[in-house]
2 protein chains.
Amino acid sequence: MTLRYGLLGLLAEGPASGYDITKRFQETLAAVWPASHPQIYRELSRLSEDGLIEVHTTGPRGRKEYKITDSGLKEVKNWLANSSVDHIIRSESLIRSFFFWLIEPEEVLKHLQAEEKYFASQATFYEGYAAAKDRGEFGTSKQTESARITVEAAARLNRSLAEWAKWSQEKLNHK
Amino acid sequence: MTLRYGLLGLLAEGPASGYDITKRFQETLAAVWPASHPQIYRELSRLSEDGLIEVHTTGPRGRKEYKITDSGLKEVKNWLANSSVDHIIRSESLIRSFFFWLIEPEEVLKHLQAEEKYFASQATFYEGYAAAKDRGEFGTSKQTESARITVEAAARLNRSLAEWAKWSQEKLNHK
DNA sequence: AAGCGCATGTAAAGGGTTACATGATTGC
DNA sequence: GCAATCATGTAACCCTTTACATGCGCTT
């Protein structure tokens, strides 16, 4: 159901087509909830069937702009305010660490170095994004303020995983 | 494919039945990669078909103990050493934050308080677990050392999300 | 007129959850 | 004898990914 609410949330900002939303998802939400275009188009059809969104305008090349309906807006708000949070997190990166004992320490170190580099570069990216938002480069709308909070989480998560990878290397070296 | 390698990894420690592995998954890997028993039984059948594991002994109540084969062991090791890491992380908790602007600040604060509490309690749990491991309560095997690294990640992740939730509340209050 | 990017979709296959179902053994 | 727990599985459904498919519009 999460994708459903993600789409409603994006449409709450204003009308958009499946294509627009796909791009928006890639740009902003891919870090916390990836979604591919077939999935998005299908879910938009369902939302439309259920009356939570409706076709606003049609453009060239069969472009369909969707608009959120009143019941759709009610639905997202209710999700945000009253539903319980699903805390499940899956990380291939972390499950791998559980099995490090199966390979040679040198290979583990090599792996952890690459992981540290990856997470650090991600963290740096989000930290820079956060700083730009703080300088006001994306305006001061409510939406921007919420996005700032999400970016903070992405930055912190990646930074702490980078530090974890570093800590793990030290742990392996000192014994 | 990740579940597949997770099962092979657990079986690399020694023979176990689907039931045993389900429990083991619940206890140790649920934090980083949840798996339900139907999924596990199905994957074990496939692994057996593919010759990566084999039935070792059969016990009471149709209990089947599986044992990893040489090619199975080769397969996990190869996964760990040579395959590229999938860094995708999905978090409903974080995608929600992107849409905070849709609800009242008081509701956001209430929500963030609950989130902070949840993540902090998880963090405390894993930190305690890590401390127990450091006191040697789980022995000093290679497996324990790897698990220690995974637990460290779980602790850090949850701690940083708890801090993020706290930071977000302050951010909302100071403006 | 050719090629690129816009824009929308379908199809197939696999991953994952939830509910249902069954029977055996152990402990009280 | 009864209840709890062990132990395995099937079925139905939904979510997600990857590959395939198509046609329009703009730019060069």
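These figures come from a predicted structure and were not determined experimentally.

The rules behind these values
Residues numbered from 1 in each chain as written. Chains lettered and ligands numbered in written order. Predicted model: local features only at pLDDT ≥ 70, side-chain atom pairs only at ≥ 80, totals over all residues. Heavy atoms only, no water. Helix = DSSP H or I, 4+ residues; strand = E, 2+ residues; numbered from the N terminus. Rg over C-alpha atoms; globule rule 2.2 N^0.38 Å. Buried < 20%, exposed > 50% of the residue type's maximum accessible area, 1.4 Å probe, protein only. Contact = heavy atoms within 4.5 Å. Areas by Shrake-Rupley, 256 points an atom, 1.4 Å probe, with all protein chains shown as cover. Lys, Arg positive; Asp, Glu negative; His and termini not counted. Charge placed at Lys NZ, Arg CZ, Asp CG, Glu CD. Core = buried A, V, L, I, M, F, W, Y, C linked by side-chain atoms within 4.5 Å. Near = heavy atom within 4 Å. Polar contact = N/O pair within 3.5 Å; in protein donor to acceptor, adjacent residues only side chain to side chain. Nonpolar A, V, L, I, M, F, W, Y, C, P; charged D, E, K, R; others polar. Phe/Tyr/Trp six-rings, centres within 6.5 Å; stacked < 30°, edge-to-face > 60°. Domains from an automatic or database assignment.

1. Concerning the overall build of chain A
- Assigned secondary structure in chain A consists of seven helices and three strands.
- Ordered by position from N to C terminus, the α and β elements of chain A give α-β-α-α-β-β-α-α-α-α.
- A globule of 175 residues ought to have a C-alpha radius of gyration of about 16 Å, yet chain A, at 20 Å, is considerably larger.
- Residues counted as buried form 47% of the 175 residues belonging to chain A.
- Nonlocal contacts in chain A, meaning residues at least 24 apart in sequence, comprise 56% of its contacts between residues at least 6 apart.
- Total accessible area on chain A stands at roughly 8,800 Å², and carbon and sulfur atoms take up 50% of it.
- Mean positive and mean negative side-chain charge positions of chain A (24 and 24 charges, respectively) differ by 2 Å.

2. Considerations on the nonpolar core
- Phe25 and Phe99 of chain A together with Phe25 and Phe99 of chain B are the most contacted members of the largest nonpolar core, which totals 89 residues.
- Of all the elements, helix α7 (residues 142-173) of chain A adds the most residues to this core, at nine residues.
- Excluding anything up to four places from it in sequence, phenylalanine 25 of chain A contacts Leu3, Gly6, Leu7, Leu10, Ala30, Trp33, Ala35 and Ile40 of chain A.

3. What about the protein's contact with DNA strand C?
- Lining the immediate environment of DNA strand C, one finds 20 residues, of which Tyr19, His37, Tyr41 and Lys64 of chain A together with Gln39 of chain B sit closest.
- In DNA strand C, atoms within 4 Å of the protein come from the sugar-phosphate backbone in 65% of cases.
- Contact between DNA strand C and tyrosine 19 of chain A: a phosphate oxygen at 2.6 Å from a main-chain N or O atom of the residue.
- Contributions of two or more residues to the surface near DNA strand C are made by α2 (18-29) and α3 (37-49) of chain A together with α3 (37-49) of chain B.
- Here the element with the most residues in the surface near DNA strand C is α3 of chain B; it accounts for four residues.
- Of the residues belonging to the surface near DNA strand C, the class tally is seven nonpolar, six polar and seven charged.

4. Considerations on the environment of glutamate 65 of chain B
Residue and element names in this part refer to chain B.
- On the secondary structure map, glutamate 65 appears in strand β3 (residues 64-68).
- For the pair glutamate 65 and glutamate 54, spaced eleven residues apart in sequence, the C-alpha to C-alpha distance is 8.4 Å.
- Here glutamate 65 is in contact with Pro15, Ala16, Ser17, Asp20, Glu54, Val55, His56 and Thr57, once residues within four sequence places are set aside.

5. Here's the deal with the packing of aromatic side chains
Residues and elements named next belong to chain A.
- Taken as a whole and assessed by the stated rule, the structure comprises twelve aromatic pairs over all chains.
- Ring plane angle 70° and centroid distance 5.1 Å describe the contact between phenylalanine 125 and tyrosine 126, whose orientation is recorded as edge-to-face.
- The exposure class of phenylalanine 125 is exposed, given its relative accessible area of 52%.
- On the basis of relative accessibility, which here comes to 12%, the residue tyrosine 126 falls in the buried class.
- Summarising the aromatic geometry, the rings of phenylalanine 125 and tyrosine 129 are spaced 6.1 Å apart at their centres and angled 15° between planes, so their arrangement reads as stacked. Note that phenylalanine 125 and tyrosine 129 are positioned in helix α6 (residues 105-134) at a spacing of four residues, about one turn of the helix.
- On the basis of relative accessibility, which here comes to 27%, the residue tyrosine 129 falls in the partly exposed class.
- Members of the aromatic cluster, each reached through a chain of ring pairs, are Phe125, Tyr126, Tyr129 and Phe138.

6. Examining the domain arrangement of chain A
- Along its sequence, chain A is organised into domain 1 (2-82) and domain 2 (92-173).
- Placing a centre on the C-alpha atoms of domain 1 of chain A and another on those of domain 2 of chain A gives a separation of 29 Å.

7. A word on the protein's contact with DNA strand D
- Taken together, 20 residues lie around DNA strand D, and Gln39 and Arg42 of chain A together with Tyr19, Tyr41 and Lys64 of chain B are the ones closest in.
- Sugar plus phosphate, as a fraction of atoms of DNA strand D within 4 Å of the protein: 66%.
- The separation between a base oxygen of DNA strand D and a polar side-chain atom of histidine 37 of chain B is 2.9 Å.
- Tyrosine 41 of chain B places a side-chain nitrogen or oxygen 2.8 Å from a phosphate oxygen of DNA strand D.
- When residues of the surface near DNA strand D are traced back to their parent elements, those giving at least two are α3 of chain A together with α2 (18-29) and α3 of chain B.
- Per-element tally for the surface near DNA strand D: the top contributor is α3 of chain A, with four residues.
- A breakdown of the residues in the surface near DNA strand D according to their chemical character gives seven nonpolar, six polar and seven charged.

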